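# Tertiary structure, described
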Amino acid sequence: ESEDTHAVYRWARRHVRPHARLPEPSKETILFWHIPKSGGSTAKSIYRCIGKTIRIASQPGEIMKLKHKGLVPSGQADLIFSSFPD
């Protein structure tokens with residue numbers, strides 16, 4: 001297997017569709033869907049502890065504002081946590 005195939009879990013490759021293109025971690029920003037009472041606050045604390053830049057977008061209006069400001073292409077955030085993933 002090539003090194004690129006390890007960027008996607010084997011179960012995701014089989015079950016998640018469409019998967020026409022492999023992720024490019026160096027060019028992408030991770031979005032965590034924060035479901036209340038499911039460990040999201042712990043995950044945020046861990047990522048802050050290891051020095052990651054986190055942006056928390058908690059309302060749809062704020063998410064759209066960040067989209068128009070170009071947050072993801074700017075590279076200013078390593079991770080985005082949101083309760084509204086779509």
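Quick note: structure is the one above.
Here is a short report on the structure shown in this document. (Residues numbered from 1 in each chain as written. Predicted model: local features only at pLDDT ≥ 70, side-chain atom pairs only at ≥ 80, totals over all residues. Heavy atoms only, no water.)

Helix and strand counts for the protein stand at four helices and three strands. Going from N to C terminus, the protein has its helices and strands arranged as α-β-α-β-α-α-β. A total of 86 residues make up the protein; the buried ones form 17% of that total. If you take every contact in the protein between residues at least 6 apart in sequence, the share linking residues at least 24 apart comes to 57%. (Helix = DSSP H or I, 4+ residues; strand = E, 2+ residues; numbered from the N terminus. Buried < 20%, exposed > 50% of the residue type's maximum accessible area, 1.4 Å probe, protein only. Contact = heavy atoms within 4.5 Å.)

The next point concerns the environment of Leu66. Mapping Leu66 onto the fold places it in helix H3 (residues 60-69). Along the chain, Leu66 and Arg55 lie eleven residues apart, while their C-alpha atoms are 9.7 Å from each other. Setting aside chain neighbours within four positions, we find Leu66 in contact with Arg55, Ala57 and Leu71.

Pairing is parallel in the open sheet, where three strands are placed in the order E1-E3-E2. One side of each edge strand has no neighbouring strand; the edge strands of this open sheet are strand E1 (30-33) and strand E2 (54-57). Pairwise comparison of adjacent strand axes, ignoring direction, gives a mean angle of 20 degrees for this sheet. For E2 and strand E3 (residues 79-82), the ladder comprises four bridges, and the chain directions are parallel. Bridge pairing in E3 places Arg55 opposite Ile80. (Pairing = 2+ DSSP bridges. Axes fitted to C-alpha atoms, helices over the stretch in contact; angles between N-to-C directions.)

To continue, consider the pairing of E3. The alternating pattern of E3 places Leu79 and Phe81 and Ile80 and Ser82 on opposite faces, both of which are buried. Strand direction decides the pairing type here: E1 and E3, joined by four bridges, are parallel. Bridge pairing in E3 links Ile30 to Leu79.

This brings us to the side chain of Lys44. Mapping Lys44 onto the fold places it in helix H2 (residues 40-49). For the buried Lys44, no salt bridge is present, and the opposite-charge side chain at shortest range is Glu62, 11 Å distant. Residues within four places of Lys44 in sequence aside, it is in contact with His34, Ile54, Ile56 and Phe81. (Lys, Arg positive; Asp, Glu negative; His and termini not counted. Salt bridge = Lys/Arg side-chain N within 4 Å of Asp/Glu carboxyl O.)

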